[in-house]
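Here are the chains, one letter per residue:
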Amino acid sequence: MIDFTLIWDSLPSLMHGTSISVQITLIAMVIGLSFGSILGLAETSKSRSVRFIIGTYVTLFRGTPMLIQILFVYYVLPQFGVMIAPFWAASLAIGLNSCAYISQIIRSGVNAIPKGQLEAAHTLGFSSIQTMRYIIFPQAFRISLPSLGNEMITLVKDSSLASIIGVMELSKEASIIRSRTYDAFSVLLAVSLIYLVMTGILSFCIKKYEGKVRKHA
């Protein structure tokens, strides 16, 4: 049976956890989109060393579990004198992981643009930076929007991994309530619905944005 009284009484704690989850997601989004876009564009360069470095980064972060990456940032970096609070350690690790995936999404978007546009830009006197900024990247971003949207939705769910280092986000708050009340079903049902609402709202916003971009394309 669902204990609605327990769910109602637990809402303040769950809402506090939700706010932390949203903060982690937003920070990870900023890190992932900013650096991921830069790496994705840089990976299309002719420099083998640049492509090798970025490829190594991508392989490392895509080939190891995000959980291990969070633990590495939180427990290993302090051994080298880099002290990071749990909240920021989780946000950084999740953001760097997302960066690896977004870089490949942007790279694929760039590669989907006809080579003739590059030649036309050079003919018109555009520098390489101007070509990338005004012609290539806007189109690559538009092409990549569906995949980027999926990555953003994934980040909402990935924020739950911050609980492993004690961050009081949504799933951690739920775990504490569950251990105190022994009512796993009611608590997990409430948490699942909250995650569903968050991902649903984000998905709706992404689709609306995609529609606006297509309309002005």
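Since this is a predicted model, take the numbers as computed values, not measurements.

Right, let's get into the packing of helix H3 (residues 66-76) against helix H4 (residues 86-111). Where H3 meets H4, the axes come as close as 9 Å, and the angle between the chain directions of the two elements is 135°. Classified by the angle between their axes, H3 and H4 sit oblique to one another. Like other packed secondary-structure pairs, H3 and H4 cross with a definite hand, here right-handed. Of the residues in H4, those in contact with Met66, Gln69, Ile70, Val73 and Tyr74 of H3 are Pro86, Ala89, Ala90, Leu92, Ala93, Ile94 and Asn97. Broken down by class, the residue content of the contact of H3 with H4 amounts to ten nonpolar, two polar and no charged.

This brings us to the packing of aromatic side chains. Applying the stated criterion across every chain yields a total of four aromatic pairs. On the numbers, 4.9 Å between centres and 75° between planes, the contact of Tyr74 with Tyr75 is edge-to-face. What makes Tyr74 partly exposed here is its relative accessible area of 22%. Residue classification places Tyr75 among the partly exposed residues on the basis of a relative accessible area of 48%. Note on Phe87 and Trp88: the rings are 5.2 Å apart at their centroids and 90° apart in plane angle, and the pair reads as edge-to-face. When its relative accessible area of 49% is taken as the criterion, Trp88 is described as partly exposed. Over the ring of Tyr101 we find Arg62; its NZ or CZ atom is 5.8 Å from the centre of that ring.

By the definition in use, this model includes one salt bridge. One salt bridge connects Arg107 with Glu43, and the closest N-O pair in it is separated by 3.7 Å. Residue Arg107 is located in helix H4, and its partner Glu43 is located in the loop between helix H1 (4-42) and helix H2 (48-63); the two are separated by 64 residues in the primary sequence. Given the relative accessible area of 25%, Arg107 is considered partly exposed.

Scoring rules and cut-offs
- Residues numbered from 1 in each chain as written.
- Predicted model: local features only at pLDDT ≥ 70, side-chain atom pairs only at ≥ 80, totals over all residues.
- Heavy atoms only, no water.
- Axes fitted to C-alpha atoms, helices over the stretch in contact; angles between N-to-C directions.
- Helix = DSSP H or I, 4+ residues; strand = E, 2+ residues; numbered from the N terminus.
- Parallel < 35°, antiparallel > 145°, perpendicular 65-115°, else oblique.
- Left-handed = near helix turned anticlockwise from the far one by under 90°.
- Contact = heavy atoms within 4.5 Å.
- Nonpolar A, V, L, I, M, F, W, Y, C, P; charged D, E, K, R; others polar.
- Phe/Tyr/Trp six-rings, centres within 6.5 Å; stacked < 30°, edge-to-face > 60°.
- Buried < 20%, exposed > 50% of the residue type's maximum accessible area, 1.4 Å probe, protein only.
- Lys NZ or Arg CZ within 6 Å of the ring centre and 35° of its normal.
- Salt bridge = Lys/Arg side-chain N within 4 Å of Asp/Glu carboxyl O.

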